[in-house]
Amino acid sequence: MEQRNLQQMLKDPARRESAFRLLMQQYGESLYWHIRRIVVGHEDAEDVLQETCIKIFSKIDSYKGDGELRAWIYRIATNEAISSLRRQTRLFQSIDDLSPKLTSQLEAETPLNADAAEVLFQKALLTLPTQQRIAFNMRYYDEMSYDEIARVTGKNVGTLKTNYHFAVEKIKNYIKKHEQ
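All of the points below concern the structure found in this document. (Residues numbered from 1 in each chain as written. Predicted model: local features only at pLDDT ≥ 70, side-chain atom pairs only at ≥ 80, totals over all residues. Heavy atoms only, no water.)

**Comments concerning the overall build of the protein chain**
Right, so step 1: When helices and strands are tallied, the protein chain shows 9 helices and 0 strands.
Right, so step 2: Listing every helix and strand of the protein chain by position from the N terminus yields α-α-α-α-α-α-α-α-α.
Right, so step 3: For the protein chain, with 180 residues in total, the buried portion stands at 47%.
Right, so step 4: Taking the contacts inside the protein chain whose residues are at least 6 apart along the sequence as the reference set, 62% of them involve residues at least 24 apart. (Helix = DSSP H or I, 4+ residues; strand = E, 2+ residues; numbered from the N terminus. Buried < 20%, exposed > 50% of the residue type's maximum accessible area, 1.4 Å probe, protein only. Contact = heavy atoms within 4.5 Å.)

Put into structure tokens, the structure is as follows:
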């Protein structure tokens, strides 16, 4: 469905529910994986996705239509995922300090027959600071342009390019160091 038609349906109270279902059919799976790459755990990702859907549905009237709908939705999902990580931290602890916990969660949820290279790659991602990981994930997995990532994160394009570059270098170094 064309984005403009979907936006018009979402703003019409009589058609909002059916439009929301279409929206989730279009973006639900990619949103789940975007969130999961941030919070790591399946159950956490499902909880954050549910909170994201509630927020999207309740705030759709505040969407002005001046930007891409996907960016607006991803911004909500990203903020909800980061909020979920913050709830897991103790007082004065940074969400970047959750890396060991998230790595343990990744290992616990990884199937025994998982590809070793993919698991190593995922562990490398979890060593990145949160903002670098988010920028990398959106660029690599979601194939977003830097401009679109900027609309999602509120960061400037130069910062995102730097974050992505550093993330790539850190991932390469981690993999090189841990390859067997």
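Let us keep going from here.
**Some remarks on unusual backbone geometry**
Right, so step 1: In this structure, V40 takes a positive phi of about 75° despite not being glycine.
Right, so step 2: Among the residues examined, V40 registers a relative accessible area of 8% and is labelled buried.

**Remarks on the packing of helix 2 (residues 16-39) against helix 3 (residues 42-59)**
Right, so step 1: Two elements in contact, helix 2 and helix 3, have axes whose closest approach is 9 Å; the angle formed by their N-to-C orientations is 145°. Considering only the axes of helix 2 and helix 3, their crossing is right-handed. From helix 2, R16, E17, F20, L23, M24, G28, L31, Y32, I35, R36 and V39 reach across to helix 3, where they touch H42, D44, A45, E46, V48, L49, T52, C53, I56 and F57.
Right, so step 2: Of the residues that constitute the contact of helix 2 with helix 3, the class distribution is 13 nonpolar, 3 polar and 5 charged. (Axes fitted to C-alpha atoms, helices over the stretch in contact; angles between N-to-C directions. Left-handed = near helix turned anticlockwise from the far one by under 90°. Nonpolar A, V, L, I, M, F, W, Y, C, P; charged D, E, K, R; others polar.)

**Focus on the side chain of E148**
Right, so step 1: Mapped onto the elements, E148 comes out in helix 8 (residues 146-153).
Right, so step 2: Within polar-contact distance, the side chain of E148 engages the side chain of R70 at 2.9 Å. (Polar contact = N/O pair within 3.5 Å; in protein donor to acceptor, adjacent residues only side chain to side chain.)

**Considering helix 7 (residues 130-140)**
The α-helix advances 3.6 residues per turn, and as a result positions three or four apart in sequence lie on the same side.
Right, so step 1: Judged by how many residues are buried, helix 7 sits mostly within the fold: 8 of 11 residues are covered.
Right, so step 2: Inspection of helix 7 places T130, Q132, R133, I134, A135, F136, N137 and M138 among the buried residues, and these make up the whole buried set.
Right, so step 3: Against the buried residues of helix 7 lie helix 2, helix 4 (69-88), helix 5 (99-109), helix 6 (116-126), helix 8 and helix 9 (157-178).

**Overview of the side chain of E80**
Right, so step 1: Within the element layout of this structure, E80 appears in helix 4.
Right, so step 2: Judged by its relative accessible area of 10%, E80 falls in the buried class.

**Re the nonpolar core**
Right, so step 1: Membership of the largest hydrophobic core comes to 52 residues, with the highest contact counts inside it found for L31 and I56.
Right, so step 2: When contributions to this core are tallied by element, the ones reaching two or more residues are helix 2, helix 3, helix 4, helix 5, helix 6, helix 7, helix 8 and helix 9.
Right, so step 3: Not counting residues up to four positions away in its chain, the partners in contact with I56 are F20, L23, M24, L31, W72, I73 and I76. (Core = buried A, V, L, I, M, F, W, Y, C linked by side-chain atoms within 4.5 Å.)

So, to be careful, I would describe these as geometric facts and stop short of saying anything about function.
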